[in-house]
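So the chains spell out like this:
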Amino acid sequence: MRALLSLLLVGTALSAPERPNILFLFSDDHALNAISAYGGPLKDLAPTPNIDRIANEGAVFTRSYCCNSICGPSRAAILTGKHSHINGFLDNDKARFDGSQTTFPKLLRKAGYQTALIGKWHLVTRPTGFDHWEILPGQGSYYNPDFITPTGKKHEAGYATDIITDKAIRWLDQERDKSKPFVMMCQHKAPHRNWSPAPRHLGLFKDVTFPEPASFRDDYANRSATLGEQEMTVARHMSWAHDMKFKGPNLFPDTFTQIGNGEYARMTPAQKESWDAAYEPENQAFIADMKAGKLDEKTVTSWKYQRYIKDYLRCVRAVDENVGRMLDYLDKSGLAKNTLVIYSSDQGFYLGEHGWYDKRWMFEESLSMPFIARWPGVVKPGTRNDTLIQNIDYAPTFLEAAGVEVPAAIQGKSLIPVLKGETPDDWRKAIYYFYSGEATHHVPAHDGVRSERYKLMYFPVTGEWNLFDLEKDPHEMQSVHADPAYAPVLAEMQETYSKLRASYHMSAATVPANRFGEDWWKKRHEAKVPLAKKGGHDLVFIGDSITQGWEGHGKATWEKYYGKRNALNLGYSGDRTEHVLWRLMNGELENVDPKLFVMMIGTNNTGHRQDPAEQTADGIKLILDLLRDRKPDAKILLLSIFPRDEKPDGKLRQLNNAINARIKEYADGDMIHWLDVSGTFLTADGILPKETMPDFLHPQTAGYDMWAKSIEAKVAELTGTTEVN
């Protein structure tokens, strides 16, 4: 029924009988204030006429937000339609994208679309779900970039923004199957740090002085104490070579940090000559003034800002020009009339607001991301839409536009009715945001919610709440969380916060986490991944120390029951649900295609933190959802969590019982099968004998024998093997 409704919606939206092509034009760190269609203080000094053309012929969304303001996580959210803790890519530190999960390109490809990705990927693993892909390694380079393809790495001469567009047009014009609709994801590196302009733009804005933002000299008062601990200010954290484009040794280490300029090293002699001609006169004048003592701290900070903002906007100019090239190609080829064109960026960026560059914070400048859409016959030209949308909405939008059923697991909402100017009455009233707190720039972990008028942020490290009235305080300079006049608003926003976290299955039990701080755990993971990659496993056990114990007290029993069943043990002592999620998303399922998974996890959620039963059950559900998505042909035997405590009235026993009461409902009798083994270990009056589990948690040898016997009939049935007696 849901698929039929999707097709009906699309049928009414389109005047043409064919499914639309989708051109997704994407940049990196493009602030709304650097797009003239959004207005703002730079619109006349640094206009973006080609991006504005999409806006003039389509719609500008003024309340478009990311769910995690950092490059990789935003891209993962767009591909999957899911928040970071669900898709597994939480940050750029240690995360890797699990390409075996469902993404919108995979679904569109399956539905007959040709799919292509060219440009910045930044998700560590190789792309999946694309007929054609050419990606920049990691962050990529502006000058003479390398590209990774399915056949290897190749070096290209020129400027990345131009080359990416060349490749996209070539594929559209010469290399695709023109009998099929297409999805083209054309993804630029620019205007990401270190803001290296194209040679033709090195002199752009030379005689322009850009205004400093009103909050440029922010002292971070009246908000969380963590604001002053970050390391992303224009004043104190710009580097000598990488950011400010000086050559040679850092002459003023108290004023500039030290990061080398890798782009300059990549340049040809001719490119270096143009670069030096543009930067060196200004650099030498600055150095002379510094040595002469003519520049005070405020003046130096202003100089840094002008260098930064001009380079940033020069990079934006190349993006805008190449957007124009793509639009011109659509016009000349006749594709424009049936192509949905989206311009967006992975998040916003600070152009000096709060004294910052970079992103990460939930403040408006980095929370906001551009979303500009043109779809002839569907989107009314010149529309400005203030509906609350988020990057998790992109995937379901593309799927519905193509007439493809939107999977129930997707957390975003299709924007089809919103694009048509028919925002449903029950549309979301607030969005949820989460940032994990990676080490880069020392921005702390925080999350929160934003409604049409208010924003609530929570900082778990300090336990602080911040509340902003965006109508009265658009620059977010004063938290009103402690103002008695806002007490009702605070309570309402905290309730919204709790409800949205629950609706998105967000808790300590569901945010994937590794334990790399424990050497043995890291080594065990590093050993298990290659075992997984070998493949050939028919039976896989997933769990914690109790499961790992098959390699200890349960070793003989394992050999008896599972030694000839090609079994793999993925149990780790001390693991909770969040650790299992991380492991399965980071290599332990690669090439693992068993007949059966046997899973028992959750007792450490009880023992370590006494997590509420519903949160542990949520964590278990997400593991099941992950297995269902990645390994749809396997069966899952979900076991009850073993009893804890000696007596039935024990607190931990009661909590495990409550978890079991919830998770047994996840069984569907088809893929997921439930088996309650608790009674196996208990006496008739519910006592857990010490001889079986001396610590009322871990079985001894006899306990493993009891466990194996209790599940053997089901294991034999689900694996199609002979029962072991």
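None of these values were measured; they are calculated from a predicted model.

Asks: What is the right way to look at the overall build of the protein in this model?
Replies: Of the regular secondary structure elements, the protein holds 22 helices and 21 strands. Taken against the 2.2 N^0.38 rule, which gives 27 Å for 725 residues, the C-alpha radius of gyration of the protein at 28 Å falls within 12% of a compact globule. When its C-alpha atoms are laid out on the principal axes, the protein stretches across 85 × 60 × 55 Å. Across the 725 residues of the protein, 60% fall into the buried class. Within the protein, residue pairs in contact and separated by at least 24 positions form 72% of the contacts whose partners lie at least 6 positions apart. When the accessible surface of the protein is totalled, it reaches about 27,100 Å², and 51% of it is carbon and sulfur. Distance between charge centres in the protein, computed from 87 positive and 94 negative side chains, equals 3 Å.

Asks: Just to check I follow, could you spell out the pattern of salt bridges for this structure?
Replies: Charged atoms that come close allow side chains of opposite charge to pair. This model, assessed by the stated rule, comprises 59 salt bridges. Between lysine 167 and glutamate 134 there is a salt bridge, with the nearest N and O atoms lying 2.8 Å from each other. Linking lysine 167 in helix H6 (residues 160-175) with glutamate 134 in strand E5 (residues 132-136), this pair joins segments that are 33 residues apart in sequence. Each member of the pair, lysine 167 as well as glutamate 134, is classed as buried.

Asks: Would you take a moment to explain the side chain of aspartate 320 for this structure?
Replies: With respect to the element layout, aspartate 320 can be found in helix H10 (residues 297-333). Of the buried charged residues, aspartate 320 lacks a salt bridge, with arginine 317 as the closest side chain of opposite charge at 5.6 Å. What aspartate 320 contacts, discounting residues up to four positions off in sequence, is Thr48, Pro49, Asn50 and Ile51.

Asks: Is there a simple way to explain the environment of glycine 58 in this structure?
Replies: Among the secondary structure elements, glycine 58 is positioned in the loop between helix H2 (49-56) and strand E2 (59-61). Sequence separation between glycine 58 and leucine 340 is 282 residues, and the spatial gap between their C-alpha atoms is 9.9 Å. Those residues in contact with glycine 58 that sit more than four places away from it in its chain are Ala373, Arg374, Val379, Lys380, Pro381, Gly382 and Thr383.

Asks: What exactly am I supposed to notice about the side chain of aspartate 28 here?
Replies: Examined against the element boundaries, aspartate 28 turns out to sit in the loop between strand E1 (21-27) and H2. A polar atom in the side chain of aspartate 28 sits 2.8 Å from the side chain of arginine 75. Setting aside residues up to four positions removed in sequence, aspartate 28 forms contacts with Cys71, Arg75, Lys120, His188, Lys189, Ala190, Pro191, His192, Ser345, Asp346 and Gln347.

Asks: Looking at this structure, how should I read the packing of aromatic side chains?
Replies: Geometrically, a pair of aromatic rings is defined through the distance of the ring centres and the angle of the planes. Scanning the model with the defined rule gives 59 aromatic pairs in all. A centroid spacing of 5.5 Å and a plane angle of 70° characterise the contact between phenylalanine 246 and phenylalanine 256, whose relative ring orientation is edge-to-face. Note that phenylalanine 246 is positioned in the loop between helix H7 (234-237) and helix H8 (262-266) and phenylalanine 256 in the loop between H7 and H8, a separation of 10 residues in sequence. Each of the two residues, phenylalanine 246 as well as phenylalanine 256, counts as buried. These aromatic residues form a ring-pair network of at least three members: Phe541, Trp550, Trp558, Tyr561, Tyr562, Phe642, Phe681, Tyr704 and Trp707.

Asks: Quick question: what am I supposed to make of unusual backbone geometry here?
Replies: Backbone geometry follows two general trends: most residues other than glycine have a negative phi, and most peptide bonds adopt the trans configuration. Of note, the amide linkage connecting alanine 190 to proline 191 takes the cis form, showing an omega dihedral of -5°. Structurally, proline 191 can be placed in the loop between strand E8 (182-187) and H7. Positive phi values are uncommon outside glycine, yet asparagine 222 reaches one of about 65°. Positive phi is not limited to glycine here, since arginine 360 has a value of about 80°. Structurally, the position occupied by arginine 360 is in the loop between strand E9 (339-345) and helix H11 (364-367).

Asks: Would you mind showing me how to read the state of the cysteines here?
Replies: Covalent bonding between the sulfur atoms of two cysteines defines a disulfide. For the structure shown, the criterion picks out zero disulfides. Between cysteine 66, a free cysteine, and cysteine 67, which holds the nearest cysteine sulfur, the sulfur-to-sulfur gap is 6.8 Å. On the basis of relative accessible area, cysteine 66 is assigned to the buried category, the value being 0%. Cysteine 67 gets classed as buried once you look at its relative accessible area, which sits at 1%.

Thresholds applied
Residues numbered from 1 in each chain as written. Predicted model: local features only at pLDDT ≥ 70, side-chain atom pairs only at ≥ 80, totals over all residues. Heavy atoms only, no water. Helix = DSSP H or I, 4+ residues; strand = E, 2+ residues; numbered from the N terminus. Rg over C-alpha atoms; globule rule 2.2 N^0.38 Å. Buried < 20%, exposed > 50% of the residue type's maximum accessible area, 1.4 Å probe, protein only. Contact = heavy atoms within 4.5 Å. Areas by Shrake-Rupley, 256 points an atom, 1.4 Å probe, with all protein chains shown as cover. Lys, Arg positive; Asp, Glu negative; His and termini not counted. Charge placed at Lys NZ, Arg CZ, Asp CG, Glu CD. Salt bridge = Lys/Arg side-chain N within 4 Å of Asp/Glu carboxyl O. Polar contact = N/O pair within 3.5 Å; in protein donor to acceptor, adjacent residues only side chain to side chain. Phe/Tyr/Trp six-rings, centres within 6.5 Å; stacked < 30°, edge-to-face > 60°. Disulfide = S-S within 2.5 Å.

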